[in-house]
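Each chain is listed here by its residues.
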Amino acid sequence: MSKGRLDDYLFSAQKPKVEPKTQVETPPPSFMEAVRQEKRTRRSFEAPPTLPPSYFVSATYNGDRARAVVKLYEPKSKKIYFWHDTTGHKPYLFTNLSPIELEKLDRVINHPGFDHFETVEKYDPLLWRNLALTKVVAKDPLAVGGRPTGCLRDVIPQEWAKMDKDQQAKVWEASIKYYQCYIYDRQLAPGMIYSVENKELTEAKHETSEENIKEIQTLFTEEPKEFLQPIENWARLLEYPVPEFRRVALDIEVETPTIEIEGKLTFRVPDPRDADHQVICASLLGSDGKKRVLLLKRAGVREGVEKIPAEISVEYFDSEGKLILAIFEALWDYPFLITFNGDDFDLRYLFHRAQKLGIRRSEVPIELGRKNCLLCYGVHIDLYKFFFNRSIQIYAFGQKYRDVTLDDVGDALIGLTKIELTKGLNDLTYTELARYCLRDAEIALKLTTFDDDLVMKLILAITRISRMPMEDVSRQGVSRWIRNFLQFEHRRRGMLIPNTDDILAVKGKTVTKAIIKGKKYKGAIVVEPHPGVHFNVAVMDFPSLYPSIIKVYNLGYQSILCPHEECRFNKVPDTPHWVCTKSQALESLLIGSLRDLRVKWYKSKARDNTLQRELRSWYSVIQAALKVILNASYGVFGAETFDLYCPPVAEATAALGRHSITQIINEAQKLGIEVIYGDTDSIFLKNPSESQINSLAKWSEKELRMELDVDKVYRYAVFSSRKKNYLGVTLEGTVDVKGLTGKKKHIPPFIKESFDLMKTRLSRVKSPSEFEDAKKEIKNIIRDSYLRLKRREWKRIDDLAFNVVLGEAPEHYVKTTPQHVRAAGILKEKGYALKAGDLISFVKVVKEPHVKPVQLASNSEIDVEKYIGYLHSTFDQVLDALGLDFNEIIGLTRLERFM
DNA sequence: GCGGACTGCTTACCT
DNA sequence: ACAGGTAAGCAGTCCGCG
């Protein structure tokens, strides 16, 4: 492969200025002819015998051909090609029964999906020895598992139990999706570059990236050589270039019955399974700049006066069928489709509507799943699922959006909101409808283009790390990502993937007692804060503490409580557990190497201003992806839903975390440093000297074998006696607020605003002497808010609304009825449909039951005293430390008022 | 029958 | 379908009280 051609696949900033002359071969005409012919019956996008470097974006199983199929995105033509397996790979499971024993089981050998037996040796990591197993090979994946009854994975143990009561029949690896099994067995890397040569799938090398990988390796020369291989493997996955994704955002509008509640119009969302109503509009916005809005001609609908920008092509259809076929045409064309909730609405609706209208199945580009809707040709990314992911929400986007709605996510990330409707969807003019629908598609598209295609790159980075197809990455949680790369590594090393029950049976449960009732084991330590205002506070932390512990202390399901007598001395403090000293656990190796790579390479590269902007942006994406995965990498071992669930591993990790912070606090005190606060992995040091900080960091490195960094320095920090509750002003004057009520999103904007005023005033304080003036002004801020409440002078009633998320459906609250649920109940009576996840806005009123949904409340009903109480408690968290007293502050004003 | 002490539930936050 | 720890407010319960 020549280097010049591969460079076409780099992001644009790395591209040579002059367009290279070499053109990517267009597929031979015979192939194109075949496509055209097949299109009439069933479309096919078979890769030609030679395909230039292309990105592995997805894998699935083709039932007709009974083989795995890989979707390859060729970035020059911006098309997807299908490559079908040529190796005859088949689905299978492992069992401890011998072929002779299995032969006796009629329901196995006569199973229509049964193919043949093979005898194999596999290393069992729980028993620490090889097992002789039988590989039961099947003709199709559903024969192994996936059907509710009659699968080989169920039939084998069932039938054997009838034959022999003493020996138990066991099966392994029978619940792995077939295409994942294929990826593992062929050691493929989704998201990476492959070409097709001589009909074979071939890894493509990228020289510039390979040079980076060499440079990265030099950072780890001190590490043992077993550690270098995972570093190199991760680095390759992360350093390789990223393509431009040609994509289209789709949004459809359906004629809806509207109902009126309290003078407001509410839509009844049409059921996509019934698909009873007409599709009246669709927007298709392409990353290629194509902007289309498709409108259904309907009797009595007027044109409208709104301006539709000239670059948008407005197309009218006299039949709904033609409109839907036009949408489908785009879905047969674009390699990537972006929707917001397309799995549950847009695509599902289109599928069923197409059926109703009698559109031929071969024209419908949608593969209907139970929980998702995939595409026959391209890759469908449902942004709702992606942004719903808690880890993505918190760690990749720093909680910028709280409601997973197109409106809220769009507003928070790209400052674009939905168009508000003043009348029902059915009553809109064509141009009003077009504008509304276009905006939704515009938000969806921009959510994937902002910050240099951040979202697409993030999905690609995780695709590579997790060894999963892009569709799955965007729909599944972080525990699946972690599980899959661990399973992949088991296969690489010929290790049997253990069953969850077996891990639990061999390694047992936890022994420590959690502080919180109902939790499984003891967690982290929070240091009692020293109340008051402290100047010059250095915050030191262990970067990625738990992943470090997993690496340094060799934690994993295999190494914890290993069978070796000689390892029993290697105890985990505060627990009876011990850890293996003989060989390194997979989790320790993989999570440890991923952590080191992030800390030693990507963290600094993401901030390196000497790099080209686009490269730096890719590095910050990797950095964010690693953060998301590493943050969850300890928690998964304590999660019952994780396939490699191992409570003692989670417990040992937390115990070693407590050990680490305790030790470091001890040492800090020995060095004469006052530790004013600490939480889990951080310590707050009061006015430490440079040399004290250095000594502590050195001690940590030497004695704990863990880095300890200065994370930030506060000009001053304000603590009350409450844990997880403080305010810090950095040297640059930005204010960090942690845990204070004034920051919480549910409190009324009225209170939040005065809290923010105080925050701004505090950011200007530079020295203890400047505090006095600030205190005076803060008193004024509080006094002013108090008086405005007393005099009932608020701008809008919404400013007094509490906004609380409904954690469950209203009827699900049986133990107690919290206030927001009470307010929800009132709304429900009025005909609003409410479900889990909805945000309830309510105000506090004088009359029973003391709450009212803000939509229904009027100013005169407000219980002012309640709000003053809230103002009080919100400010108290800071006033304590400043030596101020809320009652005194407002007490003064009471006198003033009567003057 | 009422109020204070208490427990438990719920949400939002921190690491 | 990552974990545990903490704060705050409120709902509901128990218990004492001639």
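Sequence positions are assigned chain by chain, starting from 1 and proceeding in written order. Chains and ligands are labelled by the order in which they are written, letters from A for the one and numbers from 1 for the other. Totals for whole chains, interfaces and linings use every residue, but because this is a predicted model, local features are given only for residues with pLDDT of at least 70 and side-chain atom pairs only at 80 or more, for both listing and counting. Each side-chain value is derived from all of the structure's non-hydrogen atoms; neither hydrogens nor water enter the calculation.

Draft legend 1. Spatial organisation of the packing of helix H24 (residues 749-763) against helix H25 (residues 771-790). Interhelical geometry of H24 versus H25 gives an angle of 170 degrees and a closest axis separation of 9 Å. In terms of their interaxial angle, H24 and H25 are classed as roughly antiparallel. Each of Phe750, Ser754, Leu757, Met758, Arg761 and Leu762 in H24 lies in contact with H25, whose residues at this interface are Phe771, Asp773, Ala774, Glu777, Ile778, Ile781, Ser785, Arg788 and Leu789. Under this scheme, a helix contributes an axis fitted over its contacting stretch, all axes are lines through C-alpha atoms, and angles between N-to-C directions fall in the 0 to 180 degree range. Numbered from the N terminus, helices here are DSSP runs of H or I no shorter than four residues, and strands are runs of E no shorter than two. Oblique is the label for any angle not under 35 degrees, not over 145, and not in the 65 to 115 range, which are roughly parallel, roughly antiparallel and roughly perpendicular in turn. Throughout, a residue-residue contact means that at least one pair of heavy atoms, one from each residue, lies within 4.5 Å.

Draft legend 2. Highlighting the protein's contact with DNA strand C. Residues are counted as near a molecule or strand when any one of their heavy atoms sits within 4 Å of it. Surveying the vicinity of DNA strand C reveals 35 residues, the closest of which are Ile516, Thr641, Arg722, Lys844 and Ser873. In the interface set of DNA strand C, defined as its atoms within 4 Å of the protein, sugar plus phosphate atoms amount to 79%. Between DNA strand C and Gln877, the relevant distance is 3.0 Å, taken from a phosphate oxygen to a side-chain nitrogen or oxygen of the residue. Contributions of two or more residues to the surface near DNA strand C are made by helix H13 (390-396), helix H17 (478-492), helix H21 (613-632) and helix H27 (864-882). Broken down by element, the residue count for the surface near DNA strand C peaks at three residues, all from H27. Only Asp, Glu, Lys and Arg are considered charged in this grouping, and only Ala, Val, Leu, Ile, Met, Phe, Trp, Tyr, Cys and Pro are considered nonpolar; every other residue, Gly among them, is considered polar. When its residues are assigned to classes, the surface near DNA strand C shows 12 nonpolar, 15 polar and eight charged. In protein, a polar contact requires one atom able to donate a hydrogen and another able to accept it; more generally it is a pair of N or O atoms within 3.5 Å, and residues adjacent in sequence count only if both atoms are side-chain atoms.

Draft legend 3. Main features of the side chain of Glu861. By the secondary structure assignment, Glu861 is in the loop between strand S29 (851-853) and H27. Among the polar contacts listed, one links the side chain of Glu861 to the side chain of Lys852, at a separation of 2.7 Å.

Draft legend 4. Molecular detail of a positive patch on the surface. Together, Lys177, Arg370, Lys371 and Arg480 make up a region of like positive charge exposed at the surface. Counting through the fold element by element, Arg370 comes out in the loop between strand S17 (366-368) and strand S18 (373-375). Distance thresholds for patches are 9 Å for like charges and 5 Å for nonpolar side chains (Val, Leu, Ile, Met, Phe, Trp, Tyr), applied to residues having over 30% relative accessible area and no salt bridge. Under the convention used here, a 1.4 Å probe and the Shrake-Rupley method define accessible areas, while residue burial counts only the protein chains that appear. In the sections that follow, a salt bridge refers to a side-chain nitrogen of Lys or Arg positioned within 4 Å of a carboxyl oxygen of Asp or Glu. Charge convention: Lys and Arg are scored as positive, Asp and Glu as negative, and His as well as the terminal groups of each chain are ignored. Just so you know, the charge point we use is NZ for Lys, CZ for Arg, CG for Asp and CD for Glu.

Draft legend 5. Structural detail: the pattern of salt bridges. Applying the stated criterion across every chain yields a total of 52 salt bridges. Of the charged contacts in the structure, one is a salt bridge between Arg722 and Asp880, with a shortest N-O distance of 3.6 Å. Residue Arg722 is located in the loop between strand S24 (709-719) and strand S25 (726-730), and its partner Asp880 is located in helix H27; the two are separated by 158 residues in the primary sequence. A relative accessible area of 30% means that Arg722 is categorised as partly exposed. To sort residues, take the accessible area from a 1.4 Å probe on protein chains only and compare it with the maximum for the residue type: under 20% means buried, over 50% means exposed, and anything in between is partly exposed. Under the relative-accessibility criterion, Asp880 is labelled partly exposed at 43%. Glu777 is the partner of Arg761 in a salt bridge, and the nearest nitrogen-oxygen pair spans 3.0 Å.

Draft legend 6. Just the protein's contact with DNA strand B, in detail. The immediate surroundings of DNA strand B are formed by 22 residues, with Asp681, Lys724, Lys745, Gly807 and Tyr813 found nearest. The separation between a phosphate oxygen of DNA strand B and a polar side-chain atom of His820 is 3.3 Å. Those elements that provide at least two residues to the surface near DNA strand B are strand S26 (735-738) and strand S27 (802-805). Residues of the surface near DNA strand B, tallied by class, amount to six nonpolar, six polar and 10 charged.

Draft legend 7. Representation of the environment of Thr256 in the model. Tracing the sequence through the fold places Thr256 in the loop between strand S10 (247-254) and strand S11 (258-261). Among the residues examined, Thr256 registers a relative accessible area of 6% and is labelled buried. Distance from Thr256 to Ala632, taken between C-alpha atoms, is 42 Å for residues 376 residues apart in sequence.

Draft legend 8. Focus on the packing of aromatic side chains. A pair of aromatic rings is counted whenever rings of Phe, Tyr or Trp (Trp by its six-membered ring) have centres within 6.5 Å, and the orientation is called stacked for planes under 30 degrees apart, edge-to-face for over 60 and tilted otherwise. Under the criterion given, the structure shown has 38 aromatic pairs. With a centroid separation of 5.2 Å and an interplanar angle of 35 degrees, the aromatic rings of Phe535 and Tyr716 are classed as tilted. With a gap of 181 residues between them, Phe535 in strand S21 (residues 532-541) and Tyr716 in strand S24 connect regions that are remote in the sequence. The class of Tyr716 is buried, set by a relative accessible area of 0%. With a centroid separation of 5.2 Å and 45 degrees between ring planes, the pair formed by Tyr677 and Phe719 is classed as tilted. Placement of Tyr677 in strand S22 (residues 674-679) and of Phe719 in strand S24 is noted, with a sequence separation of 42 residues between them. Neither Tyr677 nor Phe719 differs from the other in exposure class; each is buried. Through pairs of rings, three or more aromatic residues link up here, namely Phe386, Phe387, Phe397, Tyr401 and Phe450. Note that Lys135 overlies the ring of Tyr92, its terminal NZ or CZ placed 4.2 Å from the centroid. For a ring to carry a charge above it, either NZ of a lysine or CZ of an arginine must fall within 6 Å of the ring centroid while also lying within 35 degrees of the normal to the ring plane.

Draft legend 9. The arrangement of unusual backbone geometry in detail. Phi at Ser544 takes a positive value of approximately 45 degrees, unusual for a residue other than glycine. Position of Ser544 among the secondary structure elements: in the loop between S21 and helix H19 (545-552). You will see that Leu561, though not glycine, has its phi angle at about 55 degrees, which is positive. Among the secondary structure elements, Leu561 is positioned in the loop between H19 and helix H20 (586-605).

Draft legend 10. Spatial organisation of the nonpolar core. For this analysis, a nonpolar core means a set of buried residues of the types Ala, Val, Leu, Ile, Met, Phe, Trp, Tyr and Cys, connected via side-chain atoms within 4.5 Å. In terms of nonpolar packing, the biggest core is built from 215 residues, with Ile252, Leu350, Phe387, Phe397 and Ile664 touching the most fellow members. Counting residues per element, this core draws most heavily on helix H15 (residues 430-466), at 21 residues. Not counting chain neighbours up to four residues away, the residues in contact with Phe397 comprise Phe386, Phe387, Ile392, Leu413, Phe450, Leu454 and Val455. Formed by 56 residues, the second largest nonpolar core is a distinct cluster that contains Tyr867, Leu882, Leu884 and Ile890.

Draft legend 11. Expanded view of empty space enclosed by the protein. Think of a 1 Å grid over the protein atoms and nothing else: a 1.4 Å probe that fits but is trapped marks a cavity, an open set flanked by protein within 12 Å on at least five of seven lines marks a pocket, and residues with an atom within 4 Å of a point count as lining. Grid points are joined across faces, edges and corners, and a volume is the space filled by probe spheres set on the points. One pass over the structure, following the stated rule, counts two cavities of 30 Å³ or more. Of the volumes computed, that of the largest cavity is approximately 60 Å³. Broken down by secondary-structure element, the contributors of at least two residues to the lining of the largest cavity are helix H9 (225-239) and H17. Its residues assigned to classes, the lining of the largest cavity shows seven nonpolar, one polar and three charged. Its boundaries defined by the atoms lining it, the second largest cavity holds a volume of some 40 Å³. For the second largest cavity, the full set of lining residues is Lys177, Tyr179, Gln180, Met468, Asp472, Gln476, Arg483 and Asn484. Elements represented by at least two residues in the lining of the second largest cavity include exactly helix H7 (178-185) and H17. Of the residues in the lining of the second largest cavity, the class split is two nonpolar, three polar and three charged.

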